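Residues per chain, in single letters:
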Amino acid sequence: MFLGFAVADVILWRNVHLSAGILAAVTVLWFLFEVVEYHFVTLLCHALITIMLVTFILYNGAALIDRTPPKIPQSILSEHTFREVALTFHAKLSNSLSILHHIACGKDLKLFLLAIAFLWIVSVIGSYCSSLSLLYFGFLCIFTLPVLYERYEHDVDYLANRGNRDLKKMYRKLDSKVLNKIPRGPVKKDKKNK
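A brief look at the structure comes next.

Conventions adopted
Residues numbered from 1 in each chain as written. Predicted model: local features only at pLDDT ≥ 70, side-chain atom pairs only at ≥ 80, totals over all residues. Heavy atoms only, no water. Patch = residues over 30% accessible without salt bridge, like charges linked within 9 Å, V, L, I, M, F, W, Y side chains within 5 Å. Areas by Shrake-Rupley, 256 points an atom, 1.4 Å probe, with all protein chains shown as cover. Salt bridge = Lys/Arg side-chain N within 4 Å of Asp/Glu carboxyl O. Lys, Arg positive; Asp, Glu negative; His and termini not counted. Charge placed at Lys NZ, Arg CZ, Asp CG, Glu CD. Helix = DSSP H or I, 4+ residues; strand = E, 2+ residues; numbered from the N terminus. Buried < 20%, exposed > 50% of the residue type's maximum accessible area, 1.4 Å probe, protein only. Phe/Tyr/Trp six-rings, centres within 6.5 Å; stacked < 30°, edge-to-face > 60°.

A cluster of like positive charges, contributed by Arg162, Arg165, Lys168, Lys169, Arg172, Lys173, Lys177 and Lys181, occupies part of the molecular surface. Inspection of the secondary structure assignment puts Lys168 in helix H7 (residues 153–177). In this structure Lys168 comes out as partly exposed when scored by relative accessible area, which is 48%.

Here it is in structure tokens:
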């Protein structure tokens, strides 16, 4: 439960320094991969080279200035922590696949059609931009929309209600002027009801 509060604090910018740091890091990664066209393997190798050089300089430079060399931990990530992360990931993945299976079975037709429509819209948007840009746009939406909604909640609710009323009014107009004028065949009565 604590992790949920920490994520909410970051997304709602209650911890400004951490939120800004995460947004800056993701923006730099997007810039490197999308604009500069840097490759992930190259970035990973350069980061490891830098870490190894800094460690080498710190370890060997400590002897030159008569300081004790830094102690490098034997185990950076404990087995217990790794197992917890793996079990949590497995549980979330199993739950997600179960939900997808339930939707794909078509037991709830409205939810099935909404999922198909959503995936189709994402595929159309994805054909016009790269996957990384799409992920970055999604990240920006997740990072900015909740805090904007929290700040301007009354204005957004007012505009949403007004838009909902306008859409209902347009549908009634469409229904009365177009849909009701479509000729329909005679209604067949069941023989059981006679």
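Within the structure shown, the criterion is met by four aromatic pairs. Look at Trp13 and Phe143: their rings are 5.7 Å apart centre to centre, the planes differ by 75°, and that puts the pair in the edge-to-face class. A residue pair is termed long-range when its members are at least 10 positions apart, and Trp13 in the loop between helix H1 (2–11) and helix H2 (16–35) and Phe143 in helix H6 (residues 131–151) qualify at 130 residues. Judged by its relative accessible area of 25%, Trp13 is partly exposed. Classification of Phe143 as buried rests on a relative accessible area of 3%. Judged by centre distance (6.3 Å) and plane angle (55°), the rings of Phe33 and Phe40 are tilted. A connected cluster of aromatic rings, assembled from ring pairs, spans Trp13, Phe139 and Phe143.

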